[in-house]
Structures are given as C-alpha cells and as structure tokens.
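One letter stands for each residue in the lines below.
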Amino acid sequence: MIKNGHCLSRCFLAPAFWLLLAILSFSTIRPGTASAAGLLKSTGGDDSNVRILSHNVDVVINNSFAQTVVDQIFVNDADYDLEAVYTFPLPKQASLSELSLWVGEAEMIGEVVEKEKARKIYEQQKAQGNDTAMAEKNSYKTFDVSVGRVPAGSETRIRLVYYQAMEIDLNVGRYLYPLAEGNVDEERIAFWSVDDTVSGAFNFHLVMKSAFPVADVRVPGFQDSAVIEQILDETEDGESEGNTYEVTLASREGANLSRDIIFYYRLDDTVPARVEMIPFRDNPNEPGTFMVVVTPAADLQPISEGGDWTFVLDISGSMGGHKIATLVDGVTKVIGKMKANDRFRIITFNNSSDDLTGGFVNATQENVQQWLQHLRNIHAGGGTDLYAGLKKACQRLDDDRTTSIVLVTDGVANVGETKQKAFLNLLKTYDIRLFTFVIGNSANQPLLERLTQDSGGFALNISDSDDIVGRIMQAKAKALHECMHGVQLSFSGERVKDLTPASLGNLYIGQQLVMFGRYPGSGEAQLILKAKISGQERTWKTMVEFPETARDNPELERLWALSAIEDVMREIRENGESEKLRKQVVDLGLEYSLVTDFTSMLVVNDDILEDEGIQKKNARRIQAEKQAQAAKSSKPAKNYRVDNRSGNGGMFNGKSSPGIGSGPVGPLFVGLIAWLNRRKRKVQGLSWK
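Residues numbered from 1 in each chain as written. Predicted model: local features only at pLDDT ≥ 70, side-chain atom pairs only at ≥ 80, totals over all residues. Heavy atoms only, no water.

Between its first and last C-alpha atoms helix α11 (residues 579–592) spans 20 Å; for 14 residues at 1.5 Å apiece the expected length is 20 Å, and the two agree. Among the residues making up α11, those that are buried are L581, R582, V585, V586, L588, G589 and Y592. Angularly, the buried residues of α11 cover 165° about the axis, an arc narrow enough to put them on a single face. Those residues of α11 that are exposed and aimed more than 90 degrees away from the buried face are E579 and K580. Looking at the buried residues of α11, the elements they touch are β9 (111–114), α2 (115–127), β34 (513–519), α10 (555–575), β37 (599–603) and α13 (617–633). Downstream of α11 by a residue or two, S593 has a phi angle that is positive, lying close to 55°. (Helix = DSSP H or I, 4+ residues; strand = E, 2+ residues; numbered from the N terminus. Expected span 1.5 Å × (residues − 1). Buried < 20%, exposed > 50% of the residue type's maximum accessible area, 1.4 Å probe, protein only. Arc of directions from axis to C-beta. Contact = heavy atoms within 4.5 Å.)

Now for the side chain of R274. Within the secondary structure, R274 is located in strand β23 (residues 274–280). The class of R274 is buried, set by a relative accessible area of 2%. A polar atom in the side chain of R274 sits 2.7 Å from the backbone oxygen of P272. Engagement of the side chain of R274 in a polar contact is seen with the side chain of E276, the distance being 3.1 Å. Setting aside its immediate chain neighbours within four residues, R274 contacts F212, L267, V293, V294, T295, Q512, R641, D643, F652 and S657. (Polar contact = N/O pair within 3.5 Å; in protein donor to acceptor, adjacent residues only side chain to side chain.)

On to the nonpolar core. General note: in soluble globular proteins, nonpolar side chains tend to be found buried as a group. Core analysis: the largest hydrophobic core is formed by 61 residues, its most contacted members being I61, Y175, F204 and F263. Apart from residues lying up to four places away in sequence, F263 is in contact with I61, G173, R174, Y175, L206, M208, V217, R218, V219 and V247. A273, V275, L300 and M651 belong to the second-largest nonpolar core, a separate cluster that totals 31 residues. (Core = buried A, V, L, I, M, F, W, Y, C linked by side-chain atoms within 4.5 Å.)

Turning our eyes to something else, we now look at the packing of helix α8 (residues 445–455) against α10. Remark: α8 packs on α10, axes separated minimally by 11 Å, with the N-to-C direction vectors making an angle of 90°. One finds that α8 runs roughly perpendicular with respect to α10. For the pair α8 and α10, contact is made by P446, R450, Q453 and D454 and by E566, R570, R573 and E574, respectively. Of the residues assigned to the contact of α8 with α10, the class counts are one nonpolar, one polar and six charged. (Axes fitted to C-alpha atoms, helices over the stretch in contact; angles between N-to-C directions. Parallel < 35°, antiparallel > 145°, perpendicular 65-115°, else oblique. Nonpolar A, V, L, I, M, F, W, Y, C, P; charged D, E, K, R; others polar.)

Written out as structure tokens, the structure reads:
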C-alpha cells in the first residue's frame, strides 16, 4: 500500500524503536519463566526416577545455515523400566532430520513415517518392551522426543540433529539455541511439569565459519564463562585469515536447561552487498538444489514524519510475571518519548479487548503522565483473544493520519476467532502497518509472521538472553529508513523451478533475502531482483551459474523441502486442510526425512522397518551429509559470491552491505563501544545452575 507517495514502512518511527529498547532492557535482567526444555513429568505422579545425566550440543554455522546436534543421556534410577519424553521449544524454521537411539554400542537411526502410523508402531514396540524412540512436532510449539524404554538402573543415549537457515541483519548474524519455553501451552502446563536439570555434564560447543571478515563475536549473558577462540585459517593463496571462531560453554556437574543460548557474530563494515549462490547436485541426471542469499544495498533514505500509534498489548495469563512487567515498562518509556503532535492509543486484550484510552490521545505531558499511571496498574490473566485486540485497533482510525500498530505478545490465539484467514482478511481491509515484538519461545510464529509480512511490517523475536544493544540497533535502523516493498526475485535463461518461499514481503535496511529452488540443468541464468522504494520500481540484475555437480552441501535438499513445506502449511492455515495439501506435506517429509505436522521420526530395529515396509532413506541421507561435513570440517568457509565475476563491483556497484558501522549514529550508540572494542574473554568453567 502507498500513502502520500511513500512506502508505509516510513511510518514506523522512534516510538516503536523506544518500545523495543525498553522491552529488551527489562527482559534481559529479569528472571526467566519456570518452564524450560527438559523431561516431561506428570504433575500428579512420581516420575522422579528418570533424569537427564548429560546434555551435549555441537553447532556448526557455515555457508548461511547451521547444523545443531544434541546428544543426551537419560538415566533411570528405578528398578523397573520407564518411558521418558524430552521436549524442547521449536527452533525457528528448523528441520529436525535425525533421531538416533543407542542400544549398547549400536546406533539405531530413525526413519520418517506418517504421524499416525509412527505413533501406532511406537506404542506397540513400547508395550512389548522393545527399544524404540520417536520425535514429533507439537504444532508450532515444541519438538517432543519419546524414548519407549529407559532400562531399570541403566542409561539410554539419544542424538537429534536439525538444520536451519541463518539470518543476517545489519551484518549481524544471530544463532539461538532455544531452551526457555514461552509458557503458552496451557493444556500441557496443566498436566505436565518439566524437569530441566542436568545432573551431570553440560557442554555447548559452537564453530562459526564465515567467508567474509568477522569483526567480533559474543555470547550475551555468558561473557565471563564462555571460552571464545579465534582460529586462523589458511586460504588457497597461502595467507591466513581469522574468520573461524569456536565457542565453548561447559559444566562438569549440574546445569539447568531453562535459559536460551544466543551467539552473535558481526561482519566487518567492509563486507560488500552481494549475491551468494550455494548449490548442491550429486548426480547430473537429477535436479540440483540451491540457496540464493541476496544482501542488498539499496538507496533507502532516512525518514522523520510521525503519525498515530496504536499499542496492542497482550495481558493474558501467559504474560504474567516478568513478561507483563517488561511490557508495561516498555510502553511507558515509549509514550514518554513521544512528540506533542503525536497521538497514541492503548488496546489491551486477554479474554476480550479493551480500548484503554478510549481512542487516540494527544501526547501532551499531562496526558502522558495520566496514562503512565494507568499502565502501571495492568495485571495479567485470562486467555488470548488476539483477534479481538487487533480488530479494536483497526477501528476508529483517522483517514487523514498515518497509523501504525505495534503488537507486543508472547503469542497464541486461543480465545475467540483463531483462524488465520480471518486475521488476514481483517488486515487487508485497513491501510496500516503491523509491527510485532514476539516475547519468548513457542509463540505462534506462523501466524504472527504472516500477519506482519502481509501488512508490510516485520516481526522481531526477543529472548531473555538477547543482546540489548544489538537488537536495539537492528530495530532503530528499520525504524528510521525507507524499505524495499513488493520484493520479487526471478531467473531467466537457464530454467529454474520450485522457488520457495512463495512470498517475499518487504526488505528493511540490512536484511537479507533468502530463497531456495531447484534446477534441472546446468549453465548460466540471469538473476533479477525487483522492488519498489517510495513507489518507484527498481531493478537489479546479475548472472549466476548452476554447476553440473556440486557435492559440498547435501543439507540444502532438506532446507529447500522445509521451505516448500512451510509454503503448503501457510495455505493450510489460511484455507484449511485438504487431502491434497496434506499429501504434499507428507510426501516432502517422507522423501527428505523431515519431522512435520503430519510426519514423525521413528526409531525401531531393522526387522520392524522391513516388516512395515519402511525404507532406510534417512540413513542413506545422513551418511551423505556426514561425508560432506567431514570433508569441509578442516577447511575455511567457501566464498559463494557470484555477482562480482565481471569485476564491476557486483550487482550493487561495490557498495558495502549496510551494517552497524555504516548506519545512523546517535547518542544511543555510545553503548556499542563496549561491544565493538571488547577483548575476547577466555575464562574456563561455567556455573549457571
């Protein structure tokens, strides 16, 4: 939508930035929620005999995606066999692609089966006392891993692996290992408690490889306990570069799985705007897969105009404790920073919605003080009627003023209208931009991100472990610059098919565009990027090449399939499930061995696999992935940039990628000095129990 010749993203100004500043400031210093990743135990029973003995995490970030490997040992102190169910928050856009169960020294590798069939076989094997395990996706909330038999007085080891595309924003990469749950699954909370204690060793080891210069890395909240080492890599021309980092957190005895671990890395300000093309093609007779990453440097001008601001605040029961305090403190700081000619409005919602201010209020000093006192009296409770809150925010708008809606929620619509299509139809009716701050894990990311994308806004996730300064910086740049809207990416020349995601939305300053696709042949093609800036269409072009073979990144097939599945799931959420759409998800899940809403990963012995007609597709895929990973492990990250082959500075004429050093600078950025010039700490040991 265009208003007064400008992209409506121009309306997201300082108020939303100040809200994020306050939210981050308070969320990082208050204690986390009680819920966390760990073993599920019935609230009315005595399941204390099963415990987590060790928890080991290995992460490799390379070529714009990350692999996470979790290796755990459960121990049963009882004199009878027990089942264990381990749960952890669903990582954003992650493909759970491997589940292994050890029986003695032998590893049993899971295979993907339709969800109902997997559950039936698992229950049969559990009842017969056989070794079995299963991984299921609990909608958008969690991955749940069930181990059918933890032997009496013995240990059981499981291993799970997932992949996810990395996000770079203003030259800052952010990896989140989610452990703290969002406390939003009311049915599970009523029946289960979570034992998040590791009684023995906890180890977190991360390796980050970058093809471009890295200025700094950090692990917020663990500065004094993380061991961070920079590794010198030898390039093909014999020179050394330090673009590989290792991070280690370790506790020999005792830890809690209740706090997210976040790793940031910041690319140097000299890193160019660019196009990267990462291919995989094992066999010239079969289609190849690719991931294209575009880091643009468009001419996005600063903006300064104001308007009306509607704050839609989630005060449901799951927002209790530190969350509601964070929300209230954040909004009070926002209102306190508004200009006298701005207007604000406050909508709250739980089981119903309430226009707290009774319409828009001029941001005079008297009005600000009055409503600050009202905000301090807000308490959390009840369900989450998100639709009612947004509907009320869309009413009584002034056509002569630009309106932006800032939604703050931990995010589950469980009261009133809950269908995604109804939300989309609501926002299509009004000329507004929606910006969403999602607090914590296990929120309804599919719904919230779809709403913000369709309205031309953006959603920003906030963890209790997030870096305050880094997230402030990213939001502030978006708040004060135009955006690229109506973004389209296409190819001409060599035929490309099955591009995903189907919809790209807007790009804000410093954001990357990531797209996956398939290519049936090899050779050159022209990549074309189109977008509008303040109503004016812009076009960028470059040549790319699809190789006949490229075997370094077999994981790309899973990431492409995951993105394609998400496109189908978007249609299901909007229009309802059909046999055709369900089959598309199942077929992709089975072919690429992915845990989805309709497929699970089942571990049983080979005889059962054969009896049930289950092929060992995942075992073969895992073998290929491990071989490729072993070949890359001792090498620096490969540079896949493709737009600079002509030597003319590339598709963006040699401009640098927008970063924190090249963006706007003001008094708030003084706090960055401690980050940018920080000496890397190497302190052994970890105590975070």
